[in-house]
Amino acid sequence: MPLPWTTKYRPKTLADVAGNAGAKEAFVAWVKSWGQSRSSKRAILLHGPPGTGKTVTVEAVARDLGLDLVEIDASDSRTGDQLRKIAGGAVAQGELFGRSRLVFLDEMDGINLAQDTGAISALIETIEDAKCPVVLAANDPWDPKIRSLRDHCLLIEFRRLGVRDCLMYLKKLSASEGIDTDEQALRLIIDRNNGDMRSIVNDLQTFTTGRKKLTYADVGWLAWRDRKESIFDALSKVFSSKTCAQARRAADTIDIDLDMFFEWIYENTPLQLTDPQDLAKAMEALARADLVLARVKRRQVWQLFPFALDQMTAGVAMSRERTKPAWVPMRFPSRIMSLSRTKKERAMRLQIGAKIGAKTHLSSRAAEKQFLPYVSFISQNKPEMIPGLSEWLDLDEEMVQYLSGNGAKGAEEKKEKSKIPAKVKGVRKVAKPVSGRKKAAAS
Ligand SMILES: Nc1ncnc2c1ncn2[C@@H]1O[C@H](COP(=O)(O)OP(=O)(O)OP(=O)(O)O)[C@@H](O)[C@H]1O
Ligand SMILES: [Mg+2]
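Keep in mind the model is a prediction, meaning the values are calculated, not measured.

## Side note on the pairing of strand β4 (residues 99-106)
Then, in step 1: Within β4, 6 of the 8 residues are buried, which leaves it mostly tucked inside the rest of the structure.
Then, in step 2: Across 6 bridges, the pairing between strand β2 (residues 68-73) and β4 is parallel. Opposite Ile72, over in β4, you have Leu105 as the bridge partner.
Then, in step 3: Bridge count for strand β3 (residues 95-96) against β4 is 2 bridges, and the pairing is antiparallel. Across the sheet, the residue bridging to Leu96 is Arg99, located in β4.
Then, in step 4: Note that β4 and strand β5 (residues 134-138) share 3 bridges and pair parallel. Pairing of Val103 across the sheet is with Val134, part of β5.

## Considerations on the packing of helix α13 (residues 258-272) against helix α15 (residues 305-317)
Then, in step 1: Contact pair α13 / α15: the axes reach a minimum separation of 11 Å and the direction vectors enclose 25°. Judged by the inter-axis angle, α13 sits roughly parallel to α15. When the axes of α13 and α15 are compared, the crossing they make is left-handed. Seen from α13, the contacting residues are Leu258, Phe261, Phe262, Ile265 and Thr269; seen from α15, they are Phe305, Leu309, Met312, Thr313 and Val316.
Then, in step 2: The residue inventory of the contact of α13 with α15, partitioned by class, reads 8 nonpolar, 2 polar and no charged.

## With respect to the site of ligand 1
Then, in step 1: Around ligand 1, 19 residues are found, and the nearest of them are Thr6, Ala18, Lys54, Thr55 and Asn139.
Then, in step 2: Thr55 places a side-chain nitrogen or oxygen 2.8 Å from an oxygen atom of ligand 1.
Then, in step 3: Contact with the protein chains removes 95% of the 630 Å² of surface that ligand 1 exposes when unbound.
Then, in step 4: Elements supplying a minimum of two residues to the shell around ligand 1: α3 (54-64) and α9 (197-208).

## A look at α15
Then, in step 1: The end-to-end C-alpha separation of α15 is 18 Å, in line with the 18 Å expected for 13 residues at 1.5 Å each.
Then, in step 2: The sharpest bend along α15 comes to roughly 30°, located at Gln311.
Then, in step 3: Residues Ala308, Leu309, Gln311, Met312, Thr313, Ala314, Val316 and Ala317 constitute the buried set of α15.

## Structural notes on the pattern of salt bridges
Then, in step 1: Counted according to the given criterion, the structure contains 17 salt bridges.
Then, in step 2: Here Arg101 makes a salt bridge to Asp68, at a shortest N to O gap of 3.1 Å. Here Asp68 lies in strand β2 and Arg101 lies in strand β4, a separation of 33 residues in the sequence. Like Arg101, the residue Asp68 is buried in the burial classification.

## Points about the side chain of Asn268
Then, in step 1: Here Asn268 shows up in helix α13.
Then, in step 2: On the basis of relative accessibility, which here comes to 0%, the residue Asn268 falls in the buried class.
Then, in step 3: Looking at Asn268, its side chain comes within polar contact range of the main-chain nitrogen of Arg331, at 2.5 Å.

## So, the confidence of the model for the protein
Where the model shows low pLDDT, its predicted coordinates should not be examined in detail.
Then, in step 1: Predicted confidence across the protein gives a mean pLDDT of 83, with 86% of residues reaching 70 or more.
Then, in step 2: Across the protein, α3 holds the top mean pLDDT of 96, while helix α23 (residues 422-425) sits lowest at 34.
Then, in step 3: Across residues 408-443 the pLDDT falls below 50, and counting only partners more than four positions away or on other chains, this stretch makes 16 contacts in the model.

## Things to note about α13
Then, in step 1: In a regular helix each residue adds 1.5 Å, so 15 residues correspond to 21 Å; α13 covers 20 Å between its end C-alpha atoms and thus fits that length.
Then, in step 2: Considered for burial, the residues of α13 that qualify are Leu258, Met260, Phe261, Phe262, Glu263, Trp264, Ile265, Glu267, Asn268, Thr269 and Gln272.

## Here's the deal with the nonpolar core
Nonpolar side chains in soluble globular proteins tend to be buried together.
Then, in step 1: Judged by nonpolar contacts, the single largest core of 29 residues is most densely connected at Leu235, Ile256, Phe261, Trp264, Ile265, Met312 and Val316.
Then, in step 2: When residues of this core are traced back to their parent elements, those giving at least two are α11 (225-240), α13, α14 (276-299) and α15.
Then, in step 3: Here Met312 is in contact with Val238, Leu258, Phe261, Phe262, Ile265, Leu286, Ala289 and Leu293, once residues within four sequence places are set aside.
Then, in step 4: If you look at the next biggest cluster of nonpolar residues, it comprises 25 residues, including Ala74, Ile120, Ile124 and Ala130.

Cut-offs and rules
- Residues numbered from 1 in each chain as written.
- Chains lettered and ligands numbered in written order.
- Predicted model: local features only at pLDDT ≥ 70, side-chain atom pairs only at ≥ 80, totals over all residues.
- Heavy atoms only, no water.
- Buried < 20%, exposed > 50% of the residue type's maximum accessible area, 1.4 Å probe, protein only.
- Helix = DSSP H or I, 4+ residues; strand = E, 2+ residues; numbered from the N terminus.
- Pairing = 2+ DSSP bridges.
- Axes fitted to C-alpha atoms, helices over the stretch in contact; angles between N-to-C directions.
- Parallel < 35°, antiparallel > 145°, perpendicular 65-115°, else oblique.
- Left-handed = near helix turned anticlockwise from the far one by under 90°.
- Contact = heavy atoms within 4.5 Å.
- Nonpolar A, V, L, I, M, F, W, Y, C, P; charged D, E, K, R; others polar.
- Near = heavy atom within 4 Å.
- Polar contact = N/O pair within 3.5 Å; in protein donor to acceptor, adjacent residues only side chain to side chain.
- Areas by Shrake-Rupley, 256 points an atom, 1.4 Å probe, with all protein chains shown as cover.
- Expected span 1.5 Å × (residues − 1).
- Bend = angle between axes of the 7 residues up to and from the residue.
- Salt bridge = Lys/Arg side-chain N within 4 Å of Asp/Glu carboxyl O.
- pLDDT = per-residue confidence, 0-100.
- Core = buried A, V, L, I, M, F, W, Y, C linked by side-chain atoms within 4.5 Å.

Okay, here's the thing in structure tokens:
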């Protein structure tokens, strides 16, 4: 089972944490000087958007400085008072077995204060009396729940990561994975994730699963980005819901048409449901949904729509009985991906079709269909005719390259053709004439 790259490449030392140089430096300086001056703050609050490296920075610094890190997820505690008790226990000791301690209260804005409003002031007292540095982290430092806490902390902001920092990090990561990635493709992934390294790394892993090269065309569909976010959420609901109603609600949260949602589920079902019996059941549900969707479209019987929806969401969710839970990256529907990958090529063929059409009085599409294969054949087998042809048809350099098979697609086509056995290609194998010398030797 593949490991999520956010785990596999989770920074081990501070040097591995990308970006936010000033914030990292200030944090290290604060930890090193903790307790040396009464006037400095006893606790520190690292704040900033998700996926900017707050948690990994604390972990890396503790490792680098050889500190005993006690990590507490504030959002795990059922009440504020419970958190105070846990934190109180942790900060009561300055060191353990000679190692200085660092207490880290993560996800502070997820703290549950239900009724116990006094919990925060008790927590402040605990922090003020702490025998070791206390680090807090939150996305929003202005959250009213932690307002009074904030005044007792030194604030350090982690900003969204910049393109340059992300690019360097992703290039290193791609090299470690042995994947050849186009810079343009990486830039698009970075751009669409708004400085959130967690999502960036997750996307890169999703797009490169099962391939050794990532081009811009492979990620071009990211124009879907905003919708994609909810697609991933909706998919994980479909694959992990325990009840039909929960799974069914997945479809309400997405902003794409149901055909596309179907493609996503269909593509990912074999990856998510690894038990053969679960998979068979899920595929049956999908087949029923497909059948109904086709009927809805053909006959416009919209009353059947909910049935298709039930099958592709609840039907798939309820098929999961034996498959063990595991993290598996979602994959973009390959059918849609191949359409987007060939988009550039299709546009090129149509442009050449328009040039041929201008001379033959045909539409671009008809000219592309009827004549382009011949023009391409001539260009590839009689290169001496290319200059005349391109002048007559007014072709540009890129079109000539495409026709002569030097473009990426041309090379691919050549490879494909070479795989076709001679018999299929209609070429009759003729015995090679034996040279005179060989003939003599044979006799
Ligand atoms: N600056 C960074 N450099 C390298 N990797 C990063 C960085 N920021 C985040 N990551 C990646 O994202 C994952 C999550 O990072 P981290 O938990 O530190 O984010 P965070 O800022 O604490 O987010 P949240 O606010 O959601 O808790 C890490 O495991 C790592 O793979
Ligand atoms: Mg965090």
